[in-house]
Amino acid sequence: MSVDTNYTLPGNIFQTIFEKSPGSILVKTDLPRFTILAASDSYLRVTSTTREAILGKGFFEVFPDAETQLIDEKAARHVFTKVINTGKIVDIPSYRYDVFNPDTGNRELHHWSCSNVPILGNDGEIAYILNTIADITEEVKAKENAMESASRLRLATEVTGLATWDIDLQHHGFYYSPRMVEIFGQPPGTVLTIGSMRSQMSADDMQNIVRKSFKEALITGEHLYEIKIVWPDGSVHWIKTQGTIIFDGNKRAVRMLGTVLDITESKRDEIRKNDFIAMASHELKTPLTSLKTYIQLLAKKISKSDDPFVSNALAKAENQVNKMSDLIYSFLDLSRLEAGKLSAKLQPFDINKLINETIADTNLVNNSHTIIFNSNEAIAVNADRERIGQVISNFLGNAIKYSPKEYPIIVTCKIIGDSVQVAVTDYGIGIKQRDQEKLFQRFYRVENERAKNISGFGIGLYLASEIIQRHKGKIWVESQEDAGSTFYFSLPVGS
Ligand code: ADP
């Protein structure tokens, strides 16, 4: 193999290379003047000058700002002198030096990094300094922005008392902010692990809340739950955790991150409020039951004497008492639910028979709407008969409340796959899309001009959804505003 030894470059090609190189200037070490010997095109561009204007002149004569704008360690004279004194390269990784922009007539903020390389002359002494600069304004701004948002986030989490956490599911890393240690009632400096935090929760809650929420999050990408924790001193506290899952390109969960908030105070308020509702409902139940008995007794006696006004008034009174007792029972159910005591007593029964019975009960007080149900074949389910009746009754009651009387209400019940699906359709006021997913939340009522005067507490659908969930079924709604709604629930057949 032949080697080309003729590598001498033609003419003053080195000068051309220098002039094309990024951001370079060559100065002589004739201090204090530092005569400029060469400058690259890009250096001239960023400093808005020309070769003719600066070559042969002293560096500080041309760039007087370099003496005044920069102070101390980063000042050009200091740096050049250091290169000469040490004989070493001096790098300044970041400094601010504003540049005049002839186009805008303004001085503009810039950040730079520079390298100052000593170059020896023939006598072995440092004869020149090669100063190379790079404009890092964008990088510095991006870093400042990132730091600003990080500190804003830190401030926001400190003010709100939130702890943040981040789990690397692939490499099993767990990161959390110091506030987490306080929320879990541990001494400062304690190292938390997922295991140690879980050990502060009950096994039932782990199963019913944490695992369930994690499973759902794998589908929806979001999770949110409230849970009790026990501090090392034995006291019970409540936390609310909220987070997001990040998936990779193969839809595999790779990271989870979110926040934890101590909600003990508001939870204690809520528990007190629930206790009050439970107590008040319980106290109201007894006099109401005797009131109902007296009304029924009176009705029996009156029917014998033929006074239509009195018997009519008693029927109305019984009706109102029934409404009141339904309400009180739903408050009692609510407090049972909150206390985790709403259980489902499973038994096999024919759901079509139950629908027929519930329609008949509803019709005792409904003299406005026609309820249509045409299914008589027996469909067996294994569920809590009374509770499922309660759900059907809530759907029917709402269909009556939220639709005009001239329109019918249609009930269907059919088997779809291995589930039985019950639907109640009305042609009433309907529900906006954005309200539909919230209907099943506690106390949620749609704000609607047409429903303004319809009484209710927003409990029925919440109870219905909790009942259906306890049966491992599904509950949902399809609706269009001003056209009507269909409320559905489905239960596993024969389960
Ligand atoms: P309540 O009717 O006592 O307020 P629910 O929990 O049964 O409580 O219902 C919650 C809300 O859902 C109601 O306030 C109403 O705004 C809306 N809603 C329920 N059923 C219907 C329906 N069939 N048509 C229109 N809106 C409905």
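Because the structure is a prediction, the values reported are computed rather than measured.

A. Representation of the overall build of the chain within the structure. If you tally the helices and strands in the chain, you get 16 helices and 19 strands. Against the 2.2 N^0.38 benchmark of 23 Å for 495 residues, the chain shows a C-alpha radius of gyration of 40 Å, more extended than a compact globule. If one aligns the C-alpha atoms of the chain with their principal axes, the spans along those axes are about 135 × 60 × 55 Å. Every one of the 495 residues in the chain was classed for burial, and the buried ones make up 38%.

B. Fine view of the side chain of Thr358. Note on placement: Thr358 falls in helix 13 (residues 351–365). From its side chain, Thr358 meets the backbone oxygen of Leu354 in a polar contact 2.7 Å long. Residues within four places of Thr358 in sequence aside, it is in contact with Gly389, Ile392, Ser393 and Leu396.

C. Region of interest: the environment of Asp418. Within the secondary structure, Asp418 sits in the loop between strand 16 (409–416) and strand 17 (419–426). On the basis of relative accessible area, Asp418 is assigned to the exposed category, the value being 62%. Between the C-alpha atom of Asp418 and that of Val493, which follows or precedes it by 75 residues, the distance is 5.7 Å. Apart from residues no more than four positions distant in its own chain, Asp418 is found in contact with Leu491, Pro492 and Val493.

D. Structural context of the side chain of His111. Looking at where His111 falls in the secondary structure, it is placed in strand 6 (residues 111–120). When sequence neighbours within four positions are dropped, the list of residues in contact with His111 reads Tyr95, Arg96, Ala134, Asp135, Ile136, Thr137, Val140 and Glu144.

E. Structural view of the packing of aromatic side chains. Scanning the entire structure with this criterion turns up 13 aromatic pairs. Taking 5.2 Å as the distance between ring centres and 70° as the angle between the ring planes, the aromatic pair formed by Phe59 and Phe80 counts as edge-to-face. Residue Phe59 is located in helix 4 (residues 59–62), and its partner Phe80 is located in helix 6 (residues 76–86); the two are separated by 21 residues in the primary sequence. For the pair shown, Phe59 and Phe80 are each scored as buried. Judged by centre distance (6.3 Å) and plane angle (55°), the ring pair of Phe60 and Phe80 falls under tilted. One end of the pair, Phe60, is in helix 4; the other, Phe80, is in helix 6, with 20 residues separating them in the sequence. The exposure classification of Phe60 matches that of Phe80, with both residues buried. Each member of the aromatic cluster is reached from another via a ring pair, and the members are Phe34, Tyr43, Phe59, Phe60, Phe63 and Phe80. It is Arg77 that lies over the ring of Phe60; its NZ or CZ is 4.2 Å from the centre.

F. Structural view of the site of the ligand. Residues in close proximity to the ligand total 20 residues, the closest being Asn398, Tyr402, Asp426, Arg445 and Leu461. Between the ligand and Asn398 there is a distance of 2.8 Å, counted from an oxygen atom to a side-chain nitrogen or oxygen. Contact between the ligand and Phe457: an oxygen atom at 3.2 Å from a main-chain N or O atom of the residue. Within the complex, 96% of the 530 Å² of free accessible area of the ligand lies under protein. When residues of the shell around the ligand are assigned to their parent elements, the largest contribution, 3 residues, is made by helix 14 (residues 385–401). Looking at side-chain class alone, the shell around the ligand contains 10 nonpolar, 7 polar and 3 charged residues.

G. Molecular detail of the UniProt feature "domain: PAC" (unreviewed entry) in the chain. Summarizing the sequence annotation, UniProt attributes the feature "domain: PAC" (unreviewed entry) to residues 93–148 and 223–275 in the numbering used throughout. Regarding residues 93–148, the helix share stands at 21% and the strand share at 54%, and the terminal C-alpha atoms are separated by 21 Å. With 23% helix and 57% strand, the stretch residues 223–275 has end C-alpha atoms that lie 28 Å from each other.

H. Main features of a nonpolar patch on the surface. A cluster of nonpolar side chains, contributed by Phe214, Leu218, Ile219 and Phe247, occupies part of the molecular surface with about 380 Å² of accessible area. A per-element tally of the nonpolar patch places helix 10 (residues 203–220) first, with 3 residues. Mapped onto the elements of the fold, Leu218 is located in helix 10. A residue is classified by how much of its surface remains accessible, and Leu218, at 38% relative accessible area, is partly exposed.

I. Up close: helix 13. The terminal C-alpha atoms of helix 13, which comprises 15 residues, lie 22 Å apart, in line with the 21 Å expected from a rise of 1.5 Å per residue. Taken residue by residue, helix 13 has Ile351, Asn352, Leu354, Ile355, Thr358, Ile359 and Thr362 as its buried positions. Each buried residue of helix 13 lies within a common arc of 155° when the element is viewed along its axis, so the set occupies one face. Along helix 13, the residues that are exposed and aim more than 90 degrees away from the buried face are Asp361 and Leu364. The opening residue of helix 13 is Asp350, an N-cap whose side-chain oxygen sits 2.9 Å from the backbone nitrogen of Asn352.

J. Representation of the pairing of strand 9 (residues 173–176) within the structure. Pairing analysis gives 4 bridges linking strand 8 (residues 163–168) to strand 9, with the strands arranged antiparallel. Of the residues in strand 9, the one forming a bridge with Trp165 is Tyr176. Between strand 8 and the antiparallel strand that follows it, strand 9, lie 4 residues; His172 among them carries a positive phi value of about 55°.

K. Spotlight on the packing of helix 13 against helix 14. Between helix 13 and helix 14, the shortest axis-to-axis distance is 9 Å and the interhelical angle comes to 50°. In terms of orientation, helix 13 and helix 14 fall into the oblique class. In this structure, the crossing between helix 13 and helix 14 has a hand that is right-handed. For the pair formed by helix 13 and helix 14, the contact residues are Ile351, Lys353, Leu354, Ile355, Glu357, Thr358, Ile359 and Thr362 on the first element and Arg385, Ile388, Gly389, Ile392, Ser393, Leu396 and Ile400 on the second. Split by residue class, the contact of helix 13 with helix 14 holds 8 nonpolar, 4 polar and 3 charged.

L. Examining the domain arrangement of the chain more closely. What the domain assignment lists for the chain is domain 1 (12–141), domain 2 (161–262), domain 3 (269–338) and domain 4 (347–492). Computed from C-alpha atoms alone, the centre-to-centre distance between domain 1 and domain 2 is 54 Å.

M. How the structure looks around the sheet that holds strand 3 (residues 90–96). Strand order in the open sheet formed by 5 strands is 2-1-7-6-3, with antiparallel pairing between adjacent strands. Here the strands that pair on one side only, and so sit at the sheet edges, are strand 2 (36–39) and strand 3. Averaged over all adjacent pairs, the angle separating strand axes in this sheet is 20°, with direction ignored. Helix 7 (residues 137–160) contacts strand 3, strand 6 and strand 7 (126–135) of the sheet and is inclined by roughly 135° relative to strand 6.

Reading the values: rules and limits
- Residues numbered from 1 in each chain as written.
- Predicted model: local features only at pLDDT ≥ 70, side-chain atom pairs only at ≥ 80, totals over all residues.
- Heavy atoms only, no water.
- Helix = DSSP H or I, 4+ residues; strand = E, 2+ residues; numbered from the N terminus.
- Rg over C-alpha atoms; globule rule 2.2 N^0.38 Å.
- Buried < 20%, exposed > 50% of the residue type's maximum accessible area, 1.4 Å probe, protein only.
- Polar contact = N/O pair within 3.5 Å; in protein donor to acceptor, adjacent residues only side chain to side chain.
- Contact = heavy atoms within 4.5 Å.
- Phe/Tyr/Trp six-rings, centres within 6.5 Å; stacked < 30°, edge-to-face > 60°.
- Lys NZ or Arg CZ within 6 Å of the ring centre and 35° of its normal.
- Near = heavy atom within 4 Å.
- Areas by Shrake-Rupley, 256 points an atom, 1.4 Å probe, with all protein chains shown as cover.
- Nonpolar A, V, L, I, M, F, W, Y, C, P; charged D, E, K, R; others polar.
- UniProt positions renumbered as here; feature names shortened; annotations may be inferred.
- Patch = residues over 30% accessible without salt bridge, like charges linked within 9 Å, V, L, I, M, F, W, Y side chains within 5 Å.
- Salt bridge = Lys/Arg side-chain N within 4 Å of Asp/Glu carboxyl O.
- Expected span 1.5 Å × (residues − 1).
- Arc of directions from axis to C-beta.
- Pairing = 2+ DSSP bridges.
- Axes fitted to C-alpha atoms, helices over the stretch in contact; angles between N-to-C directions.
- Parallel < 35°, antiparallel > 145°, perpendicular 65-115°, else oblique.
- Left-handed = near helix turned anticlockwise from the far one by under 90°.
- Domains from an automatic or database assignment.

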